[in-house]
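In case you want the letters, here they are:
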Amino acid sequence: MYIMDREIELVIFDCDGTLVDSEPISTRVIVDMIQEYGLRLQPDESRNLFTGTSLKNIFNYLESKGISVDQHHFE
């Protein structure tokens, strides 16, 4: 494909949220993983706390609750 006399080598399609809403899946996984550390969160609570955030923020939240997280396992 050429645009303005330049060859396009790569096109990235970001379809997250367009074809599949992955947030409910991610929320359930986070709730299940957190439960392995002994903290129970409801899916709505997890969505409110963690939607659009990074794993680092999840780890910081858990540490604020006195939970030490094996970050490599969690990831």
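This section reports on the structure supplied with the text. (Residues numbered from 1 in each chain as written. Predicted model: local features only at pLDDT ≥ 70, side-chain atom pairs only at ≥ 80, totals over all residues. Heavy atoms only, no water.)

**What to know about the pattern of salt bridges**
Between side chains of opposite charge, pairing is possible as soon as their charged atoms come close.
And step 1. Under the definition given, this model contains two salt bridges.
And step 2. Two residues, Arg28 and Asp32, come together in a salt bridge whose shortest N-O distance is 2.9 Å. Of this pair, Arg28 and Asp32 both sit in helix H1 (residues 23–36), four residues apart, roughly one helical turn.
And step 3. Looking at Asp32, the relative accessible area reads 36%, which means it is partly exposed.
And step 4. Among the ionic pairs, Asp44 bridges to Arg47, the shortest N-O distance being 2.0 Å. Pair noted here: Asp44 and Arg47 are both in helix H2 (residues 43–50), with a separation of three residues, about one helical turn.
And step 5. A relative accessible area of 48% means that Asp44 is categorised as partly exposed. (Salt bridge = Lys/Arg side-chain N within 4 Å of Asp/Glu carboxyl O. Helix = DSSP H or I, 4+ residues; strand = E, 2+ residues; numbered from the N terminus. Buried < 20%, exposed > 50% of the residue type's maximum accessible area, 1.4 Å probe, protein only.)

**Some words on the packing of H1 against H2**
And step 1. It is at 9 Å that the axes of H1 and H2 come closest, and there the two elements cross at 105°. The angle between H1 and H2 falls in the class roughly perpendicular. Residue-level inspection shows Thr27, Arg28, Ile30, Val31 and Ile34 of H1 in contact with H2, the latter providing Pro43, Ser46, Arg47 and Phe50.
And step 2. Per-class residue counts for the contact of H1 with H2 are five nonpolar, two polar and two charged. (Axes fitted to C-alpha atoms, helices over the stretch in contact; angles between N-to-C directions. Parallel < 35°, antiparallel > 145°, perpendicular 65-115°, else oblique. Contact = heavy atoms within 4.5 Å. Nonpolar A, V, L, I, M, F, W, Y, C, P; charged D, E, K, R; others polar.)

**Examining the side chain of Ser46**
And step 1. Here Ser46 lies in helix H2.
And step 2. If we ignore the near neighbours within four places in the chain, the residues touching Ser46 are Thr27, Ile30, Val31 and Thr51.

**A look at the side chain of Thr27**
And step 1. Tracing the chain through its elements places Thr27 in helix H1.
And step 2. By relative accessible area, which is 4% here, Thr27 ends up buried.
And step 3. In contact with Thr27, other than residues within four places in its own chain, are Pro43, Ser46 and Arg47.

**Topic: a nonpolar patch on the surface**
And step 1. A cluster of nonpolar residues, Leu19, Val20, Ile25 and Val29, forms a patch on the protein surface that exposes about 400 Å² of accessible area.
And step 2. Within the secondary structure, Val20 is located in the loop between strand S2 (6–7) and H1. (Patch = residues over 30% accessible without salt bridge, like charges linked within 9 Å, V, L, I, M, F, W, Y side chains within 5 Å. Areas by Shrake-Rupley, 256 points an atom, 1.4 Å probe, with all protein chains shown as cover.)

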